[in-house]
Amino acid sequence: MLEAAAPDEKARGFHVHLEDADIAALMQVLLTSDRRIQQLNLSVGSVWIKRQGTEQAPWWVKLQSLLGSALPYKFLKPSPILTPAAMMAREKRRMIEFGEKGFPVPDIIYASETAIVLGDVGPTVQRILKSKIRAGDVDHDALLVDCAAAIGDLHAAGLCHGRPHVRDFFLRDGRIGFMDFEEEPQAVMPIETAQARDIWLLFLPLTNLAQHGRQTLDAAYRAWASRAPKAAIAELHRLVRVLGRFLPLARLIGRVQMGSDLQRFIEATDYLKNAVETEAAG
């Protein structure tokens, strides 16, 4: 059953904007559909329904959990696999926490134990970047740097995203906003390790998206490092030093079969490894 926001919850990210007819339409969709992500057009505009418990944990999460328990590297540990109700509570709690610290997040309209209804945030940064490429806009890479800077601001505020990707970012009043808080790595590792993991994960797509290559990546790294806590930067040094040991094997595999994920791993890890070594030498 859906619950309307209580008055004290409105200050924590809950906003009720729906008319009676909208609520009736929303209830009908919630009762008759089990799609994990669903858009619904109402009189006030689009809203998004997100459900937990409709999918099994992917095999790679279970493999990551196995590797994380077998190897002495905390950054490999996946977020805890929870019940659908606990997963929804975690995402809602993290969304409110980000909003309370001043970061743009989707408006929470209604919530239940296994579903949440969010206001539309417009196109994701990923879609905006694609439209900039089609239009030939010269500020395409500047948006990538803004993403890295926004992650640095998160880390400076004592937060981490857990799964940062341009498809999980949006723009609101010129600021990068965040959504999809399904992971909470700081529950299984120190916050500085989770933050180092954040920036490494962000650079996986950035190395592929940057139109100006090293120039953009350097600017993105500086934007993050100038904001991030020193502990997170030090942890990134350790993280890429460990991952760098796997680069020769990854390149060897790539000679036979270079998939896009492997290529991103090689390019992001190699770049960050060189970046932190240059920074340390400087």
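This text goes with the structure placed above it.
Residues numbered from 1 in each chain as written. Predicted model: local features only at pLDDT ≥ 70, side-chain atom pairs only at ≥ 80, totals over all residues. Heavy atoms only, no water.

Draft legend 1. Up close: the pairing of strand E4 (residues 115–119). Across the five residues that make up E4, a large majority, five, are buried. Residues Ala-115, Val-117 and Gly-119 of E4 are buried on one face, and the alternating residues Ile-116 and Leu-118, pointing to the opposite face, are buried as well. Bridge analysis of strand E2 (residues 45–51) against E4 gives five bridges, and the strand direction is antiparallel. Counterpart to Arg-51 in the pairing with E4 is Ala-115. Counting the residues between successive antiparallel strands, the hairpin from strand E3 (residues 108–111) to E4 contains three residues. (Buried < 20%, exposed > 50% of the residue type's maximum accessible area, 1.4 Å probe, protein only. Helix = DSSP H or I, 4+ residues; strand = E, 2+ residues; numbered from the N terminus. Pairing = 2+ DSSP bridges.)

Draft legend 2. A look at the packing of helix H5 (residues 125–135) against helix H6 (residues 140–156). With their axes 9 Å apart at the nearest point, H5 and H6 run at an angle of 160° to one another. Comparing the axis directions of H5 and H6 gives the class roughly antiparallel. The way H5 lies across H6 gives a crossing that is left-handed. Every residue of H6 that contacts H5 at Val-125, Ile-128, Leu-129, Lys-132 and Ile-133 is listed here: His-140, Leu-143, Leu-144 and Cys-147. Looking at the contact of H5 with H6, its residues break down into seven nonpolar, one polar and one charged. (Axes fitted to C-alpha atoms, helices over the stretch in contact; angles between N-to-C directions. Parallel < 35°, antiparallel > 145°, perpendicular 65-115°, else oblique. Left-handed = near helix turned anticlockwise from the far one by under 90°. Contact = heavy atoms within 4.5 Å. Nonpolar A, V, L, I, M, F, W, Y, C, P; charged D, E, K, R; others polar.)

Draft legend 3. Layout of helix H9 (residues 230–244). A rise of 1.5 Å per residue sets the reference length of H9, with its 15 residues, at 21 Å; its end C-alpha atoms lie 21 Å apart and thus fit the reference within 8%. Along H9, the residues that are buried comprise Ala-232, Ile-233, Glu-235, Leu-236, Leu-239, Val-240, Val-242, Leu-243 and Gly-244. (Expected span 1.5 Å × (residues − 1).)

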